[in-house]
Amino acid sequence: NIIRQGIPYGSIEIIGQLLDAPVKDILDILRLPQTTYNKKKRDNLMLTGRESEIILSIIELVDFGNLVFNNEEKKFQRWLKKPNISLANASPDSLLDSSTGIQEVMNCLNRLESGNLA
């Protein structure tokens, strides 16, 4: 129901803090123009189902990533920005714009957690 009802536009700023990324980068992930974001946030509107699903998936990923990195948020945030060989040299944060990309990053974190770096 949360996804269908949507989550507040203000959650975009929270995701930016969790990822150590500017709001503009989060808007790019969600494919939202800055003007739309400004208006809908000002009017206290909710994100669409797709946007809410991506945000909630990213929150889940960040929680798991911080766990894998022993709650060293900065270390995890740096890892997100570095090219990763198991992601075809893409940086994990570049894959956060789709459910499939988020799942691939989650798989990569699972491999890290189990000690399998390849």
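Structure's up top.
Residues numbered from 1 in each chain as written. Predicted model: local features only at pLDDT ≥ 70, side-chain atom pairs only at ≥ 80, totals over all residues. Heavy atoms only, no water.

> Is there a simple way to explain the packing of aromatic side chains in this structure?
The relative placement of two aromatic rings is captured by the distance of their centres and the angle of their planes. Scanning all chains against the criterion turns up 4 aromatic pairs. Between the aromatic rings of Y9 and Y37, the centroid separation amounts to 6.3 Å while the plane-to-plane angle is 45°, which identifies the pairing as tilted. Here Y37 lies in helix α4 (residues 34-42) and Y9 lies in the loop between α1 (2-5) and α2 (11-19), a separation of 28 residues in the sequence. Both residues of the pair, Y9 and Y37, count as buried. Relative to F76, the ring of F69 has its centre 5.7 Å away and its plane inclined at 50°; by these criteria the two rings are tilted. Taken individually, F69 and F76 each receive the classification buried, so the pair is uniform in this respect. (Phe/Tyr/Trp six-rings, centres within 6.5 Å; stacked < 30°, edge-to-face > 60°. Helix = DSSP H or I, 4+ residues; strand = E, 2+ residues; numbered from the N terminus. Buried < 20%, exposed > 50% of the residue type's maximum accessible area, 1.4 Å probe, protein only.)

> Is there a simple way to explain unusual backbone geometry in this structure?
For residues that are not glycine, phi is negative in most cases, and the peptide bond is trans in most cases. Positive phi is not limited to glycine here, since R31 has a value of about 55°. Taking the relative accessible area as the measure of exposure, R31 reaches 55% and is therefore exposed. Within the chain, N70 stands out as a residue other than glycine whose phi angle is a positive 55°. Relative to the helices and strands, N70 is located in the loop between α5 (49-68) and α6 (73-81). Residue N70 is classed as exposed on the basis of its relative accessible area of 60%.

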